[in-house]
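# Survey of secondary and tertiary structure
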Amino acid sequence: MTLNSDARSLENWMHARVAKAFRVTTLSDFEAGVLSKGYVTREDYEEAYRLYVEKMTASGFIVETIVDDSGYYVRNYSSRRMNELFSRGDSPASEVSRLDEEERSLSQGCEVGTFQLISTIFREQSEPSSQFDD
């Protein structure tokens, strides 16, 4: 998955606002293909989640798939490193905090180009919040 499309060229105003809110300037090929249609389908949303899980798994995370009552994915993950750290029982709080921050950053990075924009736009289409109105 490459990042090569300019997010500032998005024609749909809401898509552009979401990209700007996330400070996304470059879209992955996947995102560009989905957003070029002008809308996000349930299938696009499902594929975005699948790609996210694939990146997370490749990064060493264990992802538990949880779907809320509205049919949206809830991101829930753990890692072997964090599980081992907790199982030791005597880990310094600073070590736990450092690893937690590192893993949170890595997880957020896995969302870029996969689930971040697509899920937000899909939800906004489904249940407009007016959060992205002018």
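On to the packing of aromatic side chains, then. Scanning the model with the defined rule gives 10 aromatic pairs in all. Look at Tyr45 and Phe115: their rings are 5.5 Å apart centre to centre, the planes differ by 40°, and that puts the pair in the tilted class. In this pair, Tyr45 sits in helix 3 (residues 42-58) while Phe115 sits in the loop between helix 5 (93-111) and helix 6 (116-126), placing the two residues 70 residues apart along the sequence. Take Phe115: its relative accessible area is 1%, and that puts it in the buried class. Between Phe61 and Tyr77 the ring centres are 5.0 Å apart and the planes differ by 80°, which places this aromatic pair in the edge-to-face class. Of this pair, Phe61 sits in strand 3 (residues 61-63) while Tyr77 sits in strand 6 (residues 77-79); the two residues are 16 residues apart in sequence, bridging distant segments of the chain. Residue classification places Phe61 among the buried residues on the basis of a relative accessible area of 5%. Judged by its relative accessible area of 29%, Tyr77 is partly exposed. Ring pairs connect the aromatic residues Tyr45, Tyr49, Tyr52, Tyr72, Tyr73, Phe115 and Phe122, which therefore count as one cluster. Here Arg123 stacks its cationic end above the ring of Tyr72, 3.9 Å away from the centre of that ring.

Taking 1.5 Å of rise per residue, the 17 residues of helix 3 would be expected to cover 24 Å, and the 24 Å separating its terminal C-alpha atoms lies within 8% of that figure. Of all the residues in helix 3, the buried ones are Asp44, Tyr45, Ala48, Tyr49, Leu51, Tyr52 and Met56. All buried residues of helix 3 fall inside an arc of 160° around its axis, so they share one side. Facing away from the buried side of helix 3 by over 90 degrees, the exposed positions are Glu43 and Ala58. Turning to helix 3, the residues buried within the fold contact helix 2 (29-35), strand 3, strand 5 (73-74), strand 6, helix 5 and helix 6. Of the residues flanking the end of helix 3, it is Gly60, one or two places downstream, whose phi is positive at about 95°.

The next thing to look at is unusual backbone geometry. One non-glycine residue, Arg23, lies in the positive phi region at around 60°. Assignment of secondary structure puts Arg23 in the loop between helix 1 (13-21) and strand 2 (26-28).

This paragraph deals with helix 5. Because an α-helix completes one turn every 3.6 residues, residues spaced three or four positions apart along the sequence face the same direction. Relative to the 27 Å expected for 19 residues at 1.5 Å per residue, helix 5 spans 27 Å between its end C-alpha atoms, a close match to the ideal helical length. Buried within helix 5 are the following residues: Val96, Leu99, Glu103, Ser107, Cys110 and Glu111. Down the axis of helix 5, the buried side of the element spans an arc of 115°, and every buried residue falls inside it. Directly after helix 5, the chain includes Gly113, whose backbone phi takes a positive value near 85°.

Rules and cut-offs
Position numbers for residues start from 1 in each chain and track the written sequence from start to end. Given that this is a predicted model, residues contribute local features only at a pLDDT of at least 70 and side-chain atom pairs are listed and counted only at 80 or more, while totals for whole chains, interfaces and linings are drawn from all residues. Side-chain numbers come from the whole structure's heavy atoms, not from hydrogens or water. Note on ring pairs: Phe, Tyr and Trp rings are taken, using the six-membered ring of Trp, and paired if centres are within 6.5 Å. Classes follow the plane angle, with under 30 degrees stacked, over 60 edge-to-face and the rest tilted. Only runs of H or I of at least four residues qualify as helices and only runs of E of at least two qualify as strands under DSSP, and these elements are numbered from the N terminus. Note on exposure labels: buried denotes an accessible area under 20% of the residue type's maximum, exposed denotes more than 50%, and partly exposed covers the range between, all computed with a 1.4 Å probe on protein chains only. Only Lys NZ and Arg CZ are tested; either one counts as a charge over a ring when it is within 6 Å of the ring centre and within 35 degrees of the ring normal. Expected span, for any helix, means 1.5 Å times one less than how many residues it has. Our arc is simply the arc of the directions from the helix axis toward the C-beta atoms. Residue contacts are defined here by distance: any two heavy atoms, one from each residue, within 4.5 Å place the two residues in contact.

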